[in-house]
Each structure stands twice: as C-alpha cells, then as structure tokens.
Amino acid sequence: MTLAASGAVSAILLTALQYLLKLTDLSFWLDLVVRLAKTFLASLAASIAAGAVFDVTKFDWSTALNVAVLATLSALAKGLLARQPAAPNPSTLPITTYKEANG
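What counts, and where the lines are drawn
- Every residue gets a number counted from 1 within its own chain, in the order that chain's sequence is written.
- This being a predicted model, a pLDDT of at least 70 is required before a residue's local features are given, and a value of 80 or more before pairs of side-chain atoms are given or counted; all residues contribute to the totals for chains, interfaces and linings.
- Working from all heavy atoms in the structure, the side-chain values ignore hydrogens and water.
- To obtain each axis, a line is fitted to C-alpha atoms, and for helices this fit is confined to the stretch in contact; angles are then taken between N-to-C directions over 0 to 180 degrees.
- Note on conventions: DSSP H or I runs of at least 4 residues are helices, E runs of at least 2 residues are strands, and numbering of each starts at the N terminus.
- Here the word oblique covers every angle except those under 35 degrees (roughly parallel), over 145 (roughly antiparallel) and from 65 to 115 (roughly perpendicular).
- By convention, the crossing between two helices is left-handed when the near helix turns anticlockwise from the far helix through less than a right angle, and right-handed when the turn is clockwise.
- Contacts are residue-level and defined by heavy atoms, with any inter-residue pair within 4.5 Å sufficient.
- To estimate the expected span of a helix, subtract one from its residue number and multiply by 1.5 Å.
- With a 1.4 Å probe rolled over the protein chains alone, any residue whose accessible area is under 20% of its type maximum counts as buried; one over 50% counts as exposed, and the rest are partly exposed.
- Working note: the arc is built from the helix axis to C-beta atom directions.

Chemist: Would you explain the packing of helix α2 (residues 28–50) against helix α3 (residues 61–82) in this entry?
Modeler: The relative placement of two packed helices comes down to the angle between their axes together with the axis-to-axis distance. One way to put it is that α2 packs onto α3 with a least axis distance of 8 Å and a crossing angle of 150°. Considering the angle they form, α2 stands roughly antiparallel to α3. The crossing of α2 and α3 is right-handed. Of α3, the residues touching α2 (which contributes Phe28, Trp29, Leu32, Leu36, Thr39, Phe40, Ser43, Leu44, Ser47 and Ile48) are Trp61, Ala64, Leu65, Val67, Ala68, Val69, Ala71, Thr72, Ala75, Leu76, Gly79 and Leu80.

In structure tokens:
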C-alpha cells in the first residue's frame, strides 16, 4: 500500500512540475519521452519510499531499478498502443445496432 501511495504522490508532483514549467503542448514523441521519464522516476521514488528507513548502502537498488524499468516498458507499450488510429466501430455489436443505440 505504501508503494502505491508513494508512486501516486510522485506522479502527482512530477505532473504538477510539468504544468508549472508549461511543458504541456508537446509532440507525440516528446510527450511520450516525458511520460516515460515521469513513470521511471515515480516508480523509483515509490520503491525508495516503501522502505522504513532509507540507507543508500543497504538499499536493494537492483530490485528497485528492475521495477522502474518494467513500469517504464509498460508505459511505453501503452503509449505506442494509444497512438493507433481509433477503430471505426468501438462496439463488438454489428454497426447497425451500434448506430441505433447511439442515436
């Protein structure tokens, strides 16, 4: 639970920083890079915050970095999938049923 809360707080702070710096009107690729950096940093910060007491010499950096890289790869896949064109029929129903239901 601490890990999830720490990740959420980190993500909120990084997004607030992005908006304060007015880095909101970015091209797709630059926006994707910013999102990946935010995901990596938020995941790493959450892993650090999840420990009761942080000691740089005893901290399990390998596991924390593995979690951060996996989260970043997931965000990359999500970002690339989001770039795909929208399906003409988002429903699994026949197009006539979809048109009747939506007006």
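So much for the structure itself; the text now carries on.
Chemist: Help me understand α3, please; the structure alone is not making it clear to me.
Modeler: Note that an α-helix has 3.6 residues per turn; residues three or four places apart therefore point the same way. The end-to-end C-alpha distance of α3, which contains 22 residues, comes to 31 Å, matching closely the 32 Å that a straight helix rising 1.5 Å per residue would cover. Of all the positions in α3, only Ala64, Ala68, Thr72, Ala75 and Gly79 are classed as buried. Along the axis of α3, the buried residues cluster in a sector spanning 65°; they form a single face. Exposed residues lying more than 90 degrees from the buried face of α3 are Leu70 and Leu81. Each element contacted by the buried residues of α3 is listed here: α2.

Purely geometric numbers; function is a separate question.
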